[in-house]
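Analysis of the macromolecular model
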Amino acid sequence: MQCNCATVVSAEECSLRPELEQHQEHIEMLDKIEPPQPSRIELEGFKRFSESLLWKLMRSFYDRQGALAWARGIVPHFITTNSFNSKAYTRVLQGFLADTARPCASESPMTQHLKFNPKEKFYIIELGAGSGKFSFLMLKALQDMRHLDFPLDNMVYVLTDFTQSNVKFWKGHPSLQPFLETGQLDFAIFDAEKDDEIRLCNSGVVLCPRRPTANPICVIANYLFDTLCQDIFQVYNGGLSQVRK
Ligand SMILES: C[S@@+](CC[C@H](N)C(=O)[O-])C[C@H]1O[C@@H](n2cnc3c(N)ncnc32)[C@H](O)[C@@H]1O
């Protein structure tokens, strides 16, 4: 039986050989053809990093994509936007509030100017909040916190971003509605590179240096600074030199 099979195979091999040889020739021919090179276009020459086109392109990307930048997985986010991280941030906030509430806080140079009035609003402002997922997880983590030295009802978590596309997305997101209704959440447009005031969409409150708030403000910037326009410097031969990109 085995013998017969072997005979049949070798007969097939014989009949296929010319085709295989031709196929092989085709492969060799294709190997010799140079693959087409993608054409490269120089967008700009070397220049100061902060003046690079890169920043304009990046802003335009976030503006055009809105929440799709995250939904399509273009911007990596699980590593920065997860419940472990939001709980860790919340514990830092808890520790900060506890430090300022200690009886000896007024004696320490670090905390003596940080006095909280629990009857006034305490604003937590998140810059470049993107999809708002991290903010939602923060709000949940704050809700679940057993002890906070400040009443949750008077905390206002403010989601901000430079682009209206993200603010529009947050406004329509059902998971954020319950927090909006209790006044624990508000939204604002804020460009961290140039704006110096924050006008809250729902309450209409304006936060700016000219109108100091009753309580200190807490600012959160999660995975933001690499997105803000900057220059690069290098220590070279004992001196500081600017890097051009
Ligand atoms: C890398 S994403 C991070 C988003 C979110 N914080 C997170 O952790 O997933 C950077 C965010 O910063 C925003 N952004 C970029 N430039 C900004 C600027 N000048 N001011 C405020 N937000 C800015 C973008 O729209 C985007 O939502």
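Per-chain numbering applies: the sequence of each chain, read as written, is numbered from 1 onward. Selection of residues for local features in this predicted model requires a pLDDT of at least 70, selection of side-chain atom pairs for listing and counting requires 80 or more, and totals for whole chains, interfaces and linings are taken over all residues.

This part covers the site of the ligand. Inspection of the region around the ligand gives 23 residues, with Tyr-62, Gly-128, Gly-130, Phe-162 and Ala-192 positioned closest. Residue polarity follows a fixed list, in which Ala, Val, Leu, Ile, Met, Phe, Trp, Tyr, Cys and Pro are nonpolar, Asp, Glu, Lys and Arg are charged, and the others, Gly among them, are polar. Partitioning the shell around the ligand into residue classes produces 10 nonpolar, nine polar and four charged. Any residue whose C-beta atom, as placed from the backbone, lies within 6 Å of a molecule or strand is termed near it.

Within the element layout of this structure, Glu-25 appears in helix H1 (residues 2-32). For Glu-25, a count of 10 C-beta atoms within 10 Å gives the class exposed. For the pair Glu-25 and Phe-116, spaced 91 residues apart in sequence, the C-alpha separation works out to 82 Å. Secondary structure follows DSSP: runs of H or I at least 4 residues long count as helices, runs of E at least 2 residues long count as strands, and numbering of each begins at the N terminus. As a rule, residues whose C-beta atom has 12 or fewer other C-beta atoms within 10 Å are exposed, those with 20 or more are buried, and those in between are partly exposed; C-beta atoms are placed from the backbone.

The next thing to look at is the nonpolar core. Grouped together as the largest cluster of nonpolar side chains are 29 residues, with contacts concentrated most on Tyr-123, Ile-124, Leu-139, Tyr-157 and Val-158. Looking at this core, the elements with two or more residues in it are strand S1 (122-127), helix H5 (133-144), strand S2 (155-161), helix H6 (164-171) and strand S3 (185-189). Looking at this core, the element that brings in the most residues is H5, giving six residues. The nonpolar core criterion groups buried Ala, Val, Leu, Ile, Met, Phe, Trp, Tyr and Cys residues into a set whenever they are joined through C-beta atoms within 7 Å.

Most of S3 is tucked away, with four of its five residues classed as buried. Think of it this way: DSSP has to see at least two bridges between two strands before they count as a pair. Bridge count for S2 against S3 is five bridges, and the pairing is parallel. Bridging across to S3, Thr-160 finds its partner in Ala-188.

Let us now look at the confidence of the model for the protein chain. Every residue is assigned a pLDDT by the predictor, reflecting its confidence on a scale from 0 to 100. Scored by pLDDT, the protein chain comes out at a mean of 89, with 93% of its residues at no less than 70. pLDDT under 50 marks residues 1-9. Its contacts with residues more than four places away, or in other chains, come to zero contacts. By definition, residues are in contact whenever their C-beta atoms, placed on the basis of the backbone, come within 7 Å of each other.

This paragraph deals with the sheet that holds S3. Taken together, the four strands give an open sheet; going across it, the order is S3-S2-S1-S6, and neighbouring strands pair in parallel fashion. Unpaired on one side and paired on the other, S3 and strand S6 (218-221) mark the two borders of the sheet. Adjacent strand axes in the sheet meet at a mean angle of 25 degrees when their direction is disregarded. Sheet topology places S1 next to S2; five bridges connect them, and they run parallel. Across the sheet, Phe-122 pairs through a bridge with Met-155, a residue of S2. Each of S2 and S3 is contacted by H6, which is oriented at about 160 degrees to S3, the strand it contacts most. Comment: axis = line fitted to C-alpha atoms, over the contacting stretch for helices; angle = value between 0 and 180 degrees taken between N-to-C directions.

To continue, consider the packing of helix H4 (residues 83-101) against H5. With their axes 8 Å apart at the nearest point, H4 and H5 run at an angle of 55 degrees to one another. Taken together, H4 and H5 sit at an angle that is classed as oblique. Two packed elements cross with a definite hand, and for H4 against H5 that hand is right-handed. Where H4 abuts H5, its residues Ser-83, Ser-86, Lys-87, Tyr-89 and Thr-90 lie against Phe-134, Leu-137, Met-138, Ala-141 and Leu-142. Convention used here: angles under 35 degrees read as roughly parallel, angles over 145 as roughly antiparallel, angles from 65 to 115 as roughly perpendicular, and any remaining angle as oblique. Helix crossings are classified by the rotation of the near helix relative to the far one: an anticlockwise turn of less than a right angle makes the crossing left-handed, while a clockwise turn makes it right-handed.

Our next topic: the environment of Ile-220. Mapping Ile-220 onto the fold places it in strand S6. Take Ile-220: there are 22 C-beta atoms within 10 Å of it, and that puts it in the buried class. On a C-alpha basis, the gap between Ile-220 and Leu-159 in space is 9.7 Å, while along the polypeptide they are 61 residues apart. Setting aside anything within four residues of it in sequence, one finds Ile-220 in contact with Tyr-89, Ile-124 and Glu-126.

Moving on, we come to H4. Take the residue count of a helix, subtract one, and multiply by 1.5 Å to get its expected span. The end-to-end C-alpha separation of H4 is 27 Å, in line with the 27 Å expected for 19 residues at 1.5 Å each. For H4, the set of buried residues is Ser-86, Thr-90, Leu-93 and Thr-100. Buried residues along H4 cover an arc of 80 degrees about the axis, so they all sit on one side. More than 90 degrees from the buried face of H4, the exposed residues found are Phe-84, Ala-88, Arg-91, Val-92 and Gly-95. Check the buried side of H4 and you find it contacts H5 and S6. Along the arc lie the directions from the helix axis toward the C-beta atoms.

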